[in-house]
Amino acid sequence: MKKPLVKNARFVISNSDIKKCPNDGKPEYAFIGRSNVGKSSLINMVTGHRKLAMTSATPGKTLLINHFIINDEWYLVDLPGYGYSKRSKSQNEQLEHIISSYILDREAMTLLFVLIDSRHEPQKIDIEFFQWLGENGVPFSIIFTKADKLTKTALASNIASYKKRLLEEWEELPPVFITSSETGLGREELLEYISEVNSTL
Ligand code: GTP
Ligand code: MG
């Protein structure tokens, strides 16, 4: 029988200060993207634990950096979302600080997965976020979420036009994944990719 890619998954800690995040040097893979794009749901889907990360139908659920340890070997990190306009200015600034300090200063962060809702056209806020990652030399991949909400044709067409938009500014694209937390689509590809990256460290 094929070895399960996730043998065990455990919540470790939530906090707002990267200095207080786990300090054991194990590699981390973090999920970022707009509020409500499906970051926490994807953590649950990938780990196969429906309630490991807290999810919500209303945006702005995740407010801290959340570490989950997988197979006692590597971490999945759930980050707060960006771009939720109904927050106060000071809360948005505080969240932006948490997100940017994690992304720029967290040495254990091996790769950032930027989640994009596959239903929507490229949004300014995401395009600017990709530019900011590029300016800061942050390694990232892209995950299109909520694939179950579209027909196959619409999904393929949206992803093709999204890639085209990115290629206006980028010479080449990082690996791209298509997922659904409802159906489990993309789970193996994502886990295999992380496992490949882990084996190069
Ligand atoms: P914040 O923590 O607020 O930034 O949001 P998040 O990105 O963690 O989103 P979350 O996982 O909480 O999901 C937001 C909503 O989208 C929830 O109602 C989920 O059930 C729904 N959702 C997430 N992923 C999928 C998916 O793949 N398919 C469908 N149909 N719904 C999804
Ligand atoms: Mg969340």
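The structure we're discussing is the one just above.
Just so you know, these numbers come straight off a predicted model, no measurement behind them.

### Considerations on the site of ligand 1
In step 1: Neighbouring residues of ligand 1: 22 residues in total, closest K39, S41, G60, D148 and S181.
In step 2: Between ligand 1 and T62 there is a distance of 2.7 Å, counted from an oxygen atom to a side-chain nitrogen or oxygen.
In step 3: Protein coverage of the free-state accessible area of ligand 1, which is 650 Å², stands at 89%.
In step 4: Here the shell around ligand 1 is built from residues that sort into three nonpolar, twelve polar and seven charged.

### Comments concerning the coordination of the magnesium ion (ligand 2)
In step 1: At the metal site, the magnesium ion (ligand 2) is ligated by S40 (OG) and T62 (OG1), and these contacts range over 2.0 to 2.2 Å. Here the residue S40 occupies a position in helix α1 (residues 39-47), and T62 occupies one in the loop between α1 and β3 (65-70), the gap between them amounting to 22 residues.
In step 2: Here S40 falls in the buried class, since its relative accessible area comes to 7%.

### A few points about the pairing of strand β5 (residues 109-117)
In step 1: Counting buried residues in β5 gives nine out of nine residues, a clear majority hidden from the surface.
In step 2: Note that strand β2 (residues 28-33) and β5 share six bridges and pair parallel. Each residue of the ladder has a partner; that of I32, found in β5, is V114.
In step 3: Pairing between β5 and strand β6 (residues 140-145): six bridges, direction parallel. In the sheet register, L115 faces β6, and the bridge partner there is I143.
In step 4: Assessed by its sense of winding, the connection that carries the chain from β5 through helix α3 (residues 124-135) to β6 is right-handed.

### Some details on the environment of D72
In step 1: Mapped onto the secondary structure, D72 falls in the loop between β3 and β4 (74-78).
In step 2: D72 gets classed as partly exposed once you look at its relative accessible area, which sits at 40%.
In step 3: Residues D72 and R10 lie 62 residues apart in sequence; the distance between their C-alpha atoms is 8.7 Å.
In step 4: Residues contacting D72, with those up to four places away along its chain left out, are N8, R10 and K26.

### Quick look at the sheet that holds β3
In step 1: Spatially, β1-β3-β4-β2-β5-β6-β7 is the arrangement adopted by the seven strands of the open sheet, whose pairing is mixed. With partners counted over all chains shown, the strands left at the sheet margins are β1 (9-15) and β7 (176-178), one partner each. Adjacent strand axes in the sheet meet at a mean angle of 25° when their direction is disregarded.
In step 2: As judged from the four bridges shared by β2 and β4, these two strands associate in the parallel manner. Its bridge partner being in β4, Y29 is matched across the sheet by L76.
In step 3: Taken strand by strand, helix α5 (residues 187-200) contacts β2, β4, β5, β6 and β7, and its axis lies near 160° from that of β5.

Parameters and conventions
- Sequence positions are assigned chain by chain, starting from 1 and proceeding in written order.
- Each chain is given a letter, starting from A, and each ligand a number, starting from 1, according to the order in which they appear as written.
- In view of the model being predicted, local features appear only for residues whose pLDDT reaches at least 70, and side-chain atom pairs are presented and counted only at 80 or more, with totals across whole chains, interfaces and linings using the full set of residues.
- Side-chain descriptors were evaluated using all non-hydrogen atoms of the structure, hydrogens and water having been removed beforehand.
- Here a residue is near a molecule or strand as soon as one of its heavy atoms is found within 4 Å of it.
- We call two N or O atoms a polar contact when they sit within 3.5 Å, provided that within protein one can donate a hydrogen and the other can accept it, with sequence-adjacent residues counted only if both atoms are side-chain atoms.
- Here the Shrake-Rupley method, with its probe set to 1.4 Å, supplies the accessible areas, and only the displayed protein chains count as covering residues.
- The nonpolar class holds Ala, Val, Leu, Ile, Met, Phe, Trp, Tyr, Cys and Pro. Asp, Glu, Lys and Arg form the charged class, and all remaining residues, Gly among them, are polar.
- Any nitrogen, oxygen or sulfur atom within 2.8 Å of a metal ion counts as a donor, with the limit raised to 3.2 Å for Na, K and Ca, and since water is left out, coordination shells can look unfinished.
- Where helices and strands are cited, they refer to DSSP runs of H or I of at least four residues and of E of at least two residues respectively, numbered from the N terminus.
- Buried means the residue's accessible area, taken with a 1.4 Å probe over protein chains only, is under 20% of the maximum for its type, while exposed means over 50%, and partly exposed covers the values in between.
- A pair of strands is treated as paired once DSSP finds two or more bridges between them.
- The path from the first strand over the helix to the second decides the hand: if it runs clockwise while the strands point away from the viewer, the crossover is right-handed.
- Any pair of residues with heavy atoms lying within 4.5 Å of one another is described as a contacting pair.
- In this analysis, axes come from line fits to C-alpha atoms, helices being fitted only over the stretch in contact, and the angle between any two N-to-C directions falls in the range 0 to 180 degrees.

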